[in-house]
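What follows is each chain in one-letter form.
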Amino acid sequence: MDTSTRQRWLSALANSPIERLLALLPPALPAAPRWLRRAETGLMMLQGRTGGAGARFNLGEISVSRASCEIDGHVGHGWVRGGDGRHAELIAQADALLQDPARHGELMLAWIAPLEAELAERRAARSREAAASKVEFFTMVRGE
C-alpha cells in the first residue's frame, strides 16, 4: 500500500461523523479483533507556521483519541480529534481491513468512495455558505 492512498482513506474515515461509520462499517468488521491498543484519549501539540510557510511555533493543544488493532496480520491505526474512543477503534479496524489486498478494492468502493463524496459535498456547502455572506467593498472617488 502506498502512503498517499492510506493517508487518503484515513483522512476520509477521521473526517466522517461516527454515525456514518457505524452505518457503513459494522457488517464487514470482525467480531473480535486483536487489540494492540484500546482507545485512549490524550493531548497533542498543534504547530503553526508564521505566514503559512515560515518558522514553526506551538499553536496550542488538541485532544485526540487513538487505537490500534490487528486483523489477519494487518495492523490498523486510528486517530481522531476529540475524545470519542469508539470512533478511533472503528478507524483502526477499517484501516487494518483496507490493507488486505484481497478486500482492498471492494472496501474502497463500499466505504471510502461514498465518504469522500460526502466530505466533498459538505466542503462545497460550507464554501457556498461563506460565499453567500461575502461583502464587496468599493471606493468612491471624492471630487475634491
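Structure's up top.
As a starting point, this report considers the structure included with it. (Residues numbered from 1 in each chain as written. Predicted model: local features only at pLDDT ≥ 70, side-chain atom pairs only at ≥ 80, totals over all residues. Heavy atoms only, no water.)

## Some points on helix H4 (residues 104-132)
Then comes step 1: In this model, H4 (29 residues) spans 40 Å end to end at C-alpha, consistent with the 42 Å of a helix rising 1.5 Å per residue.
Then comes step 2: Turning to H4, its buried residues are His104, Leu107, Met108, Trp111, Ile112, Leu115 and Leu119.
Then comes step 3: Buried residues along H4 sit in contact with helix H1 (3-14), helix H2 (18-24) and helix H3 (85-98). (Helix = DSSP H or I, 4+ residues; strand = E, 2+ residues; numbered from the N terminus. Expected span 1.5 Å × (residues − 1). Buried < 20%, exposed > 50% of the residue type's maximum accessible area, 1.4 Å probe, protein only. Contact = heavy atoms within 4.5 Å.)

## Observations concerning the pairing of strand E3 (residues 74-81)
Consecutive side chains of a regular strand alternate in pointing toward one face of the sheet and then the other.
Then comes step 1: Of the two faces of E3, only one is covered, namely that formed by His74, Gly76, Gly78 and Val80; the face formed by Val75, His77, Trp79 and Arg81 stays uncovered.
Then comes step 2: Here strand E2 (residues 56-71) pairs with E3 via eight bridges, running antiparallel. Following the sheet pairing, Ser68 is matched in E3 by His77.
Then comes step 3: Between the antiparallel neighbours E2 and E3 lie two residues, among them Asp72 with a positive phi of about 55°. (Pairing = 2+ DSSP bridges.)

## Observations concerning a nonpolar patch on the surface
Then comes step 1: A contiguous nonpolar surface patch, about 270 Å² in accessible area, is contributed by Leu46, Phe57 and Leu59.
Then comes step 2: Along the chain, Phe57 falls in strand E2.
Then comes step 3: A relative accessible area of 35% places Phe57 in the partly exposed class. (Patch = residues over 30% accessible without salt bridge, like charges linked within 9 Å, V, L, I, M, F, W, Y side chains within 5 Å. Areas by Shrake-Rupley, 256 points an atom, 1.4 Å probe, with all protein chains shown as cover. Salt bridge = Lys/Arg side-chain N within 4 Å of Asp/Glu carboxyl O.)

## Description of the side chain of Ser68
Then comes step 1: Of note, Ser68 is situated in strand E2.
Then comes step 2: Judged by relative accessible area, which is 3%, Ser68 ranks as buried.
Then comes step 3: Among the polar contacts listed, one links the side chain of Ser68 to the side chain of His77, at a separation of 2.8 Å.
Then comes step 4: Beyond its immediate chain neighbours, meaning those up to four positions away, Ser68 contacts Trp35, Leu36, Arg37, Gly76, His77 and Ala92. (Polar contact = N/O pair within 3.5 Å; in protein donor to acceptor, adjacent residues only side chain to side chain.)

## Describing the sheet that holds E2
One key point about sheets: their strands pair by backbone hydrogen bonds, in either a parallel or an antiparallel sense.
Then comes step 1: The strand order across the open sheet formed by three strands is E1-E2-E3, and the pairing between neighbours is antiparallel. Edge positions in the sheet fall to strand E1 (34-49) and E3, since each of these pairs with one other strand and no more. Adjacent strand axes in the sheet meet at a mean angle of 25°, parallel and antiparallel pairs treated alike.
Then comes step 2: Strands in contact with H3 are E1, E2 and E3; relative to E3, the strand with the most contacts, it is inclined by about 145°. (Axes fitted to C-alpha atoms, helices over the stretch in contact; angles between N-to-C directions.)

## Some words on the packing of H3 against H4
Then comes step 1: Running from amino to carboxyl end, H3 crosses H4 at an angle of 140°, the nearest separation of the two axes being 9 Å. Residues Ala94, Leu97 and Leu98 of H3 form the contact with H4, whose participating residues are His104, Leu107, Met108, Trp111 and Ile112.
Then comes step 2: Grouping the constituent residues of the contact of H3 with H4 by class yields seven nonpolar, one polar and no charged. (Nonpolar A, V, L, I, M, F, W, Y, C, P; charged D, E, K, R; others polar.)

## Regarding H3
Then comes step 1: The terminal C-alpha atoms of H3 lie 20 Å apart, and with 14 residues this matches the ideal 20 Å at 1.5 Å per residue to within 8%.
Then comes step 2: The element H3 is extensively covered by neighbouring structure, given that 13 of its 14 residues are classed as buried.
Then comes step 3: Between the side-chain oxygen at the start of H3 and the backbone nitrogen of Arg86 there is a gap of 3.3 Å, and the oxygen is on Asp84.

## Overview of the side chain of Asp95
Then comes step 1: Note on placement: Asp95 falls in helix H3.
Then comes step 2: Once residues within four sequence positions are removed from consideration, Asp95 is found in contact with Arg6, Trp9, Leu10, Val75, Gly76 and His77.

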